[in-house]
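# Survey of secondary and tertiary structure
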Amino acid sequence: MWVSLQAVGSGARPAESRCRLNIFIGTALEKDGHVLYRQVYDALRARIVDGRYAVGDKLPSEAELSEEYSVSAITVKRALDLLRTDGFIVRRPRLGTFVTSATPNGTTPTEPAPRTRPLIGCVVTNFDDTFGSRVVEGLLSGAGVDDPVILMRSMGDHDLEDASIRSLIDSGVSGLVLQPSSSEFIPPAALELVTRRFPLVILDRVFDGIPVSAVRSDNLAGAMSATEHLLTLGHRSVGFLSAASHVSSSEERRNGWVHAHAAFHRPLDDTAELRTLDSTIPGSTTSAEDDIQRIVAFVREHPHVTAYLAAEYNIALLLREACRRLGLSIPDDVSVVCFDHPDAAFDASLFRFTHVRQQQSAIGERAIDAVRAQIAAPGSIEKVLLPTELVLGASTAPPRA
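Everything in this summary refers to the structure shown in the same document. Since the structure is predicted, the reported quantities are computational estimates derived from the model, not experimental observations. (Residues numbered from 1 in each chain as written. Predicted model: local features only at pLDDT ≥ 70, side-chain atom pairs only at ≥ 80, totals over all residues. Heavy atoms only, no water.)

### Points about the overall build of the chain
Going by this rule: In this description a helix means any DSSP run of H or I spanning at least four residues, a strand means any run of E spanning at least two, and both kinds are numbered starting from the N terminus. Here's how the labels work: a residue is buried when its accessible area is under 20% of the maximum for its type, exposed when over 50%, partly exposed in between, all with a 1.4 Å probe on protein chains only. Pairs of residues are marked as contacts when any of their non-hydrogen atoms sit within 4.5 Å. Only the protein chains shown count as cover for residues, and all accessible areas are computed by the Shrake-Rupley method using a 1.4 Å probe.
Each helix and strand counted, the chain has 11 helices and 19 strands in total. Across the 401 residues of the chain, 46% fall into the buried class. Of all intrachain contacts in the chain linking residues separated by at least 6 positions in sequence, the fraction that spans at least 24 positions is 70%. For the chain, the computed accessible surface area is about 18900 Å², with 53% contributed by carbon and sulfur atoms.

In structure tokens, the structure reads:
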């Protein structure tokens, strides 16, 4: 089961439209009044109970089971999901499916004693010095020594993300913090947790229409303040650069860029945005050089644009190199504001961009607090929106006369 969040509304952009939650469910066909996936479940369950599949045995692959029972892969998957829910099996990423018990939700002699304190799982796309490392610090700081944290990363891979969530649940975590790789699709494993009212907090993303706690920055206000700063300096045309990722934070930053033009009663040049950059996306195979060449061509085609809002620090670096190749200087010829910036407290020579600073440590700490709140009161929902701060650097100046 995959969930797609799609915008509706003629001619409207996804973040500017009312979102509709479309749930696409692969439904097993019915035959003689019996659901096929239930038949597969009953057959496999019988084999486990009578010992033909003993505890520790690896089950046949989904493809083999599909052929054996003459059903679709999604039917087999639903049967296996039900077996896992009932405690008969566990699914290990890249290893297969293994029998863990011959009784529903039963225990084995080797099962560890119940935990006396919560174990919190965390799945993030990736982290580095610009965004993520400080969030992880906040997670660990918020958890302290009382609530151990298991950290996994998906690198933007949807399947790995889903498998990581299931692995953490199978490991016995009491709550989960998740930074999804996309805001358009919610992992099936995460949706299952929502329906079970399992303690779950979404990090740095928005899933409209889904009752789940979330902790994120006010990206729209941050982008507005950045764009307004450039317009106040006297720039008549401000461009926007972002990655081609499908995450709500990127869309919110674009909306902030749009709203700032409206607030200043400036016409918006729709051609002054480049949103096809790939190299900064986790797991991307696009090289930085490919994106630099894209930016070079874009800047050359838009000589009237004298300032840019870059949705990420690394994109600002790509833009600076593209300008260098064109003989343009920052900020003399082009001004740049970006989101986030590495601290590099001991590097006095580092070129510092004017940037929007997020409260990254606070994001991590508040996420842990939200998980604890749900463990104490299952079903409680909290939406946390943290303010950002515009930090002046050496990358912005009034345009040339």
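After that view, the rundown keeps rolling.
### Regarding the sheet that holds strand S13 (residues 238-243)
Applicable threshold: Strands were regarded as paired on the criterion that DSSP finds at least two bridges between them. Note on geometry: axes are C-alpha line fits, over the in-contact stretch for helices, and angles between N-to-C directions span 0 to 180 degrees.
Spatially, S14-S13-S15-S16-S17-S19 is the arrangement adopted by the six strands of the open sheet, whose pairing is mixed. Each having just a single partner strand, strand S14 (273-277) and strand S19 (389-391) make up the two edges of the open sheet. With strand direction ignored, the average angle separating the axes of adjacent strands in the sheet is 20°. As paired elements, strand S15 (residues 307-310) and strand S16 (residues 335-339) share four bridges and run parallel to each other. Residue pairing for S16: Tyr308 is matched across the bridge by Val336.

### Remarks on the layout of surface pockets
Let me state the cut-off plainly: Cavities and pockets were defined on a 1 Å grid built over protein atoms only: a cavity is a set of grid points that admits a 1.4 Å probe from which the probe cannot escape, a pocket is an open set flanked by protein on both sides within 12 Å along at least five of seven lines, and lining residues are those with an atom within 4 Å of any such point. Grid points are joined across faces, edges and corners, and a volume is the space filled by probe spheres set on the points.
Reported here for the second largest pocket is a volume of approximately 730 Å³. For the second largest pocket, the lining is made up of 35 residues, of which Thr125, Arg205, Thr280, Pro282 and Glu312 are closest to its centre. Secondary structure elements with two or more residues in the lining of the second largest pocket: helix H8 (248-263) and helix H10 (313-325). Element by element, the count of residues in the lining of the second largest pocket is highest for H8, at three residues.

### Quick word on the nonpolar core
A general tendency of soluble globular proteins is for nonpolar side chains to be buried together. We apply this condition: Residues enter a nonpolar core if they are buried and are Ala, Val, Leu, Ile, Met, Phe, Trp, Tyr or Cys, with the set joined through side-chain atoms within 4.5 Å.
Ranked by internal contacts, the top residues of the largest apolar core, which has 25 residues, are Leu241, Ile295, Tyr308, Leu319 and Val336. When contributions to this core are tallied by element, the ones reaching two or more residues are S13, S14, helix H9 (288-301), S15, H10 and S16. Discounting residues that sit within four places of it in the chain, Val336 has contacts with Tyr308, Ala316, Leu319, Ile330, Phe353, Thr354, Ser395 and Thr396. In terms of nonpolar packing, the next biggest core, distinct from the first, is built from 20 residues, Leu119, Ile165, Ile169 and Val173 among them.

Everything listed here is a matter of geometry and, on its own, says nothing about what the molecule does.
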